[in-house]
There are 2 protein chains.
Amino acid sequence: MPVIELEDVQAAARRLRGVADPTPVLTSRTLDGAVGASVHVKAECFQRGGAFKFRGAYNKISSLPQEELAHGVLAYSSGNHAQAVAIAARLLGASATIVMPADAPEAKVDATRGYGAEIVTYDRWTESREEIGARLAAERGSVLVRPYDDPLVMAGQGTTALELLEDVPELDVLVVPVSGGGLIAGCATAAKALLPGIRVVGVEPEAGDDTRRSLAAGERVRIDVPRTIADGLQASEPGELTFEVNRLRVDEIVTVGDSEIVDAMAFLFDRMKLVTEPSGAIGVAALLAGRLDVRSERVGVVLSGGNVGVARFTELLGAR
Amino acid sequence: MPVIELEDVQAAARRLRGVADPTPVLTSRTLDGAVGASVHVKAECFQRGGAFKFRGAYNKISSLPQEELAHGVLAYSSGNHAQAVAIAARLLGASATIVMPADAPEAKVDATRGYGAEIVTYDRWTESREEIGARLAAERGSVLVRPYDDPLVMAGQGTTALELLEDVPELDVLVVPVSGGGLIAGCATAAKALLPGIRVVGVEPEAGDDTRRSLAAGERVRIDVPRTIADGLQASEPGELTFEVNRLRVDEIVTVGDSEIVDAMAFLFDRMKLVTEPSGAIGVAALLAGRLDVRSERVGVVLSGGNVGVARFTELLGAR
């Protein structure tokens, strides 16, 4: 039994109405020419908090009973989920504690603190964020808002595809970045229900292909914490619930290297005037690098976020 | 007698329908907080060619009789007008020759050539682009498409404000970058006709305040070619026709320094995920630097373009 269905995504869309920003779907004649297809970019960099993560976090937190909200919420995140939980909690009158890797991008840490959350840091290479999160949740009585492995979070993220298909009702392919798998689980659920013939393709960094390996193996495979510039895609194992959805609804996973991600960030900057973080650009990177056969097709691609910061951007792109 | 009226802008809007991209109007809670007003950003970085200039160029070239189009068009421009003329000419089946300063940003030169135009370069500090343009036009029989001092160009640029006011019908203030004055002439014409009480404020670089001085003097004042990072705003004198419009319809000119422009570019990048060239960010720079008294007002601001290129962007912002 799949853990979410179209109705869950539609219910999330109703909760998010008037709260999440409907994001634009952008096109570029130059991108179409380079890819050889008709490409529609769902620009979640313009979402509240600068990434799609607000959708899932708000859907989850707004579904909590008032007595649970009173103890606050807690999250562990490399950044965008943190900001999303902080914003959603503040909107709903709850306190938020965020467990963050000590080497998270400064722009994300500052923004999260700016939204009123308390930050607790850990070492990404030696400590387990899951354990720290669970311990703090137990101590404080806070509700842990998981970054992906929760039906309400997955359903919230799926509203990205629901909105895209409202703007562009006919698509042959949907391309979605993959980390823990929550975004693609929600998007695949919505897209396959509305367009049964659509191909749903996930994109992972070459160094972080845990979902690709897991789908090939038919079971969840754990890898080392991937070393990639795509700091939002450093999951080492698919989620338990997301994997149940994705094994049924995701057709294929492709991977791209870090230098291709940087090239895509430059393309999006120069030709589409869009600011994207490495994780956010990976779908467009896969298209520009020819990792998918999409010739003459109608392609939707989720640009998942834009929280890169000027300093990190100039560091990544100045070195090219 | 003013040289353009609302009807001219409305006629331009009809010609541009289905050809120019309607650009989004973006808002940011952080920007509103920093400015203390409700700010609506008209994002012309998403226009064809990456700047508002396509509006005026297409309105002009599409109005030419077929026998004039057959001899091609010619333009002199520091960049965005060049790309606009190149794109519009190609769409209308005419050849385009562009006279460009030798030190124009590489991204703009490459893009213009990519649109199929022939490029002729000159030295910005020692030669007159007006003279070179006039000579080439005479030799080739091409029509010179002026960057601003033409009623059809002004009217085309005014569709920027017309579109903004369709999305946000009530504004107290409209903030517009000023170089030769074509964009603000068209925008002020549309805005004052639709909202007689609106304040129209122009923004110039501190080093390039020819329109501010000219409005104060009551006649056109010529200054040295301004040295500023805002390469799109290096006019040394207002246009003859634009000045006739702007002396009647522009309420005020404010100026900002280059470092404030860079700060605004960083803000737009970090907080709004928008790529802006220095000239494009100057309106937002004036608001962030407190150059206008807009407290609690509804403010429209034209972000006029995003053609900066990764290399130039990292150079400008990496040095902060």
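Residues numbered from 1 in each chain as written. Chains lettered and ligands numbered in written order. Predicted model: local features only at pLDDT ≥ 70, side-chain atom pairs only at ≥ 80, totals over all residues. Heavy atoms only, no water.

**Q** When you look at the pattern of salt bridges in this model, what are you seeing that I'm missing?
**A** Pairs can form between side chains of opposite charge whenever their charged atoms are close. Residue and element names in this part refer to chain B. With the rule as written, the count across this model stands at 38 salt bridges over all chains. A salt bridge links E118 to R140; the nearest nitrogen and oxygen atoms lie 3.1 Å apart. Residue E118 is found in strand β5 (residues 118-122), and its partner R140 is found in helix α7 (residues 129-140); the two are separated by 22 residues along the sequence. The class for E118 is partly exposed, based on a relative accessible area of 40%. Taking the relative accessible area as the measure of exposure, R140 reaches 33% and is therefore partly exposed. (Salt bridge = Lys/Arg side-chain N within 4 Å of Asp/Glu carboxyl O. Helix = DSSP H or I, 4+ residues; strand = E, 2+ residues; numbered from the N terminus. Buried < 20%, exposed > 50% of the residue type's maximum accessible area, 1.4 Å probe, protein only.)

**Q** Help me understand the pairing of strand β4 (residues 96-101) of chain A, please; the structure alone is not making it clear to me.
**A** The side chains of a regular strand alternate, first on one face of the sheet and then on the other. Residues and elements named next belong to chain A. Of all six residues that make up β4, six are buried, and the element is covered over most of its length. Neither face of β4 is left uncovered, since the one carrying A96, I98 and M100 and the one carrying T97, V99 and P101 both have all their residues buried. The sheet contact formed by strand β3 (residues 73-76) and β4 spans four bridges and is parallel. Paired with V73 across the strands is A96, a residue of β4. Bridge analysis of β4 against strand β5 (residues 118-122) gives five bridges, and the strand direction is parallel. Within β5, the residue paired with I98 across the bridge is I119. Read from β4 through helix α6 (residues 106-114) to β5, the crossover connection turns out right-handed. (Pairing = 2+ DSSP bridges. Right-handed = clockwise from strand over helix to strand, strands pointing away.)

**Q** How should the sheet that holds strand β1 (residues 25-26) of chain B be read in this particular structure?
**A** Within a beta sheet, neighbouring strands are joined by backbone hydrogen bonds and run either parallel or antiparallel to one another. Residues and elements named next belong to chain B. If you walk across this open sheet you meet the six strands as β1-β2-β10-β7-β8-β9, and the pairing is mixed. The sheet terminates laterally at β1 and β9 (252-256), the two strands that pair on one side only. Strands β8 (199-205) and β9 of the sheet are contacted by helix α10 (residues 210-217), whose axis makes an angle of about 145° with β9. (Contact = heavy atoms within 4.5 Å. Axes fitted to C-alpha atoms, helices over the stretch in contact; angles between N-to-C directions.)

**Q** What's the story with the interface of chain A and chain B in this structure? I'm lost.
**A** In many reports, interface size means the accessible area that the parts give up when they come together. Listed per partner, the contact involves 25 residues of chain A and 25 residues of chain B. The largest share of the area that chain A buries against chain B comes from F269, K273 and V310 of chain A, three residues that together contribute 34% of it. Linking chain A with chain B are two salt bridges, by the criterion used here. Where R29 of chain A meets D21 of chain B, a salt bridge forms, and the shortest distance between an N and an O atom there is 3.5 Å. Our count for the contact surface shared by chain A and chain B stands at nine residue pairs in polar contact (both at pLDDT 80 or more). Those elements that provide at least two residues to the side of chain A that touches chain B are α12 (258-272) and α14 (310-318) of chain A. Here the side of chain A that touches chain B is composed, by residue class, of 13 nonpolar, six polar and six charged. (Buried area = accessible area lost by both parts, 1.4 Å probe. Polar contact = N/O pair within 3.5 Å; in protein donor to acceptor, adjacent residues only side chain to side chain. Nonpolar A, V, L, I, M, F, W, Y, C, P; charged D, E, K, R; others polar.)

**Q** How do you make sense of the relation of the copies chain A and chain B when you look at a structure like this?
**A** A rotation about an axis combined with a shift along that same axis relates the two copies of the chain. Mapping chain A onto chain B calls for a rotation angle of 180° and an axial translation of 0.0 Å; the resulting RMSD is 0.0 Å. Here the transformation between the copies is reduced to the relation of a two-fold axis. Residue T314 of chain A of chain A places its C-alpha closer to the rotation axis than any other residue of that unit, at 2.5 Å. Both copies share a contact surface, since 100% of the interface residues of chain A are interface residues in chain B too. (Least-squares fit on C-alpha atoms with pLDDT ≥ 70 in both.)

**Q** What's the story with helix α3 (residues 53-61) of chain B in this structure? I'm lost.
**A** Each turn of an α-helix holds 3.6 residues, which means side chains three or four residues apart point in the same direction. All names here are of chain B. By the criterion of burial, α3 is predominantly enclosed, with nine of the nine residues buried. Every buried residue of α3 is accounted for by K53, F54, R55, G56, A57, Y58, N59, K60 and I61. Those residues of α3 that are buried lie in contact with α1 (6-16), β2 (38-43), α4 (66-69), β3 (73-76), α5 (80-91) and α8 (151-167).

**Q** What's the story with the packing of aromatic side chains in this structure? I'm lost.
**A** Any two aromatic rings considered together are summarised by their centre-to-centre distance and by the angle between their planes. The final tally for this structure, using the stated rule, is eight aromatic pairs over all chains. A centroid spacing of 6.3 Å and a plane angle of 90° characterise the contact between F46 of chain A and F46 of chain B, whose relative ring orientation is edge-to-face. Separated into two different chains, F46 of chain A in the loop between β2 (38-43) and α3 (53-61) and F46 of chain B in the loop between β2 and α3 make up a pair that spans both. F46 of chain B carries the same exposure label as F46 of chain A, and that label is buried. Here a set of aromatic residues connected by ring pairs shows up, and it is made of F269 and F313 of chain A together with F269 and F313 of chain B. One cation-aromatic arrangement involves R227 of chain A over W125 of chain A; the distance from NZ or CZ to the ring centre is 3.8 Å. (Phe/Tyr/Trp six-rings, centres within 6.5 Å; stacked < 30°, edge-to-face > 60°. Lys NZ or Arg CZ within 6 Å of the ring centre and 35° of its normal.)

**Q** Just checking my understanding: could you explain the sheet that holds strand β6 (residues 143-144) of chain A for this structure?
**A** Residue and element names in this part refer to chain A. Overall, parallel pairing links the four strands, which are arranged β5-β4-β3-β6 in an open sheet. Each having just a single partner strand, β5 and β6 make up the two edges of the open sheet. Across the sheet, helix α7 (residues 129-140) touches β3, β4, β5 and β6, and the angle it forms with β3 is around 170°.

**Q** Explanation requested: the environment of A96 of chain B in the structure shown.
**A** All names here are of chain B. Considering the arrangement of structural elements, one finds A96 in strand β4 (residues 96-101). Accessibility expressed as a relative area gives 9% for A96, which makes it buried. In sequence terms A96 and H71 are 25 residues apart; their C-alpha atoms lie 9.2 Å from each other. Contacts of A96, omitting those with residues within four sequence positions, involve V73, V85, A86, A89, A117 and E118.

**Q** When you look at the confidence of the model for chain A in this model, what are you seeing that I'm missing?
**A** The predicted coordinates ought not to be read in detail in places where the model reports low pLDDT. On average, residues of chain A score 94 in pLDDT, and 99% of them are at 70 or above. Interface scoring of the predicted complex returns ipTM 0.91; its pTM is 0.93. (pLDDT = per-residue confidence, 0-100.)

**Q** Explain the packing of α8 of chain B against helix α9 (residues 182-194) of chain B here, please?
**A** Packed helix pairs are characterised by how far apart their axes lie and by the angle those axes make with each other. All names here are of chain B. Their axes nearest at 7 Å, the elements α8 and α9 cross at an angle of 45°. Considering the angle they form, α8 stands oblique to α9. Our pair here, α8 against α9, has a crossing hand that is right-handed. In this structure, α8 contributes M154, Q157, G158, T160, A161, L162 and L165 to the contact, and α9 contributes G182, L183, A185, G186, C187, A190, A191 and L194. Tallied by class, residues from the contact of α8 with α9 come to ten nonpolar, five polar and no charged. (Parallel < 35°, antiparallel > 145°, perpendicular 65-115°, else oblique. Left-handed = near helix turned anticlockwise from the far one by under 90°.)

**Q** Please clarify how unusual backbone geometry should be interpreted in this entry.
**A** Most peptide bonds adopt trans geometry, and most residues besides glycine take a negative phi value. Of note in the backbone geometry, K273 of chain A takes a positive phi value of approximately 60° without being a glycine. Structurally, K273 of chain A is set in the loop between α12 and α13 (278-288).

**Q** Explain the packing of helix α12 (residues 258-272) of chain B against helix α14 (residues 310-318) of chain B to me, please; I cannot follow it from the model alone.
**A** All names here are of chain B. Viewed as axis vectors pointing N to C, α12 and α14 meet at an angle of 115°, and their least axial separation amounts to 10 Å. What the angle tells us is that α12 and α14 run roughly perpendicular. Of the two possible hands of crossing, α12 and α14 adopt the one that is left-handed. Residues V262, M265, A266 and F269 of α12 form the contact with α14, whose own contacting residues are F313, L316 and L317. Looking at side-chain class alone, the contact of α12 with α14 contains seven nonpolar, no polar and no charged residues.

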